[in-house]
Structures are given as C-alpha cells and as structure tokens.
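Inside the fold
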Amino acid sequence: MSNQFLPRTINGQPKTTVTTVTADTAYTVKVTDNLILLASTAGTKVLTLPTTTNEIVRITIRMTANTGGDYTATVVGGTLTFNAANEIATIISVPPTGTWVVESLIGATIV
C-alpha cells in the first residue's frame, strides 16, 4: 500500500528505559539505561559505569528512598555520592576517554 504510514525512529534510541535497582544492591550501569532508581537502607554500594568509547550516553540517576547508607560512582572530578532521598544527578559519557562527567546535580555530591 503506497499510502501506508511507516513509523520511523529518529535517533535509534528507545523511549526512556527505567531501571529500578533492588535496594542495597551494587549495580553495573548499562549504556541502554536512561533512568536509574535507587533505594538504600545501609552500607555503601557501588554503581559501576560502563566504558563508552564510541557514543555519547546520558543517564539520570535518582535515589527514591534512603534510611541509611549510600551509592557511589566514579566520575570526572571525584566520587558521585547519593545518600538521601530525592537526590538526582544526570551524567554524560565522554567517548574518547570512556569517562563520565556530571551534567547536573540536585542534592547528590561529588567529593
């Protein structure tokens, strides 16, 4: 049919993918993650960021609940830390180096 509507993808990336990490579990971030939701009750957990050398990736991370403990990730400039409810950070990959930079912070800190 010549008049048939053919849906197209402009940027090749799916709509927002929400990843809910099990409370108090370390997590290895995937380049397909768009929004990561965290919850913590005790101890320090690590978010391991992927090494991206050929594409720019933007990921938003939000701590939805915290009664103790924290999550950390290594970024350019130090350690990104989430240790209270409703802290948010958006990070962007730097392809040639495989590192990550923080685009914005709400409550989360870099030390």
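Residues numbered from 1 in each chain as written. Predicted model: local features only at pLDDT ≥ 70, side-chain atom pairs only at ≥ 80, totals over all residues. Heavy atoms only, no water.

**A short note on the overall build of the chain**
- The helix and strand tally for the chain stands at 0 helices and 10 strands.
- Counting helices and strands in the order they occur from the N terminus, the chain gives β-β-β-β-β-β-β-β-β-β.
- Considering only contacts in the chain between residues 6 or more positions apart, those separated by 24 or more positions represent 52%.
- Accessible area of the chain: about 6600 Å², with a carbon and sulfur share of 57%. (Helix = DSSP H or I, 4+ residues; strand = E, 2+ residues; numbered from the N terminus. Contact = heavy atoms within 4.5 Å. Areas by Shrake-Rupley, 256 points an atom, 1.4 Å probe, with all protein chains shown as cover.)

**A few points about the pattern of salt bridges**
- Under the criterion given, the structure shown has 2 salt bridges.
- Lysine 45 serves as the salt-bridge partner of aspartate 24, at 3.1 Å between the closest nitrogen and oxygen. Of this pair, aspartate 24 sits in the loop between β1 (18-20) and β2 (27-28) while lysine 45 sits in strand β4 (residues 44-48); the two residues are 21 residues apart in sequence, bridging distant segments of the chain.
- For lysine 45, a relative accessible area of 6% gives the class buried. (Salt bridge = Lys/Arg side-chain N within 4 Å of Asp/Glu carboxyl O. Buried < 20%, exposed > 50% of the residue type's maximum accessible area, 1.4 Å probe, protein only.)

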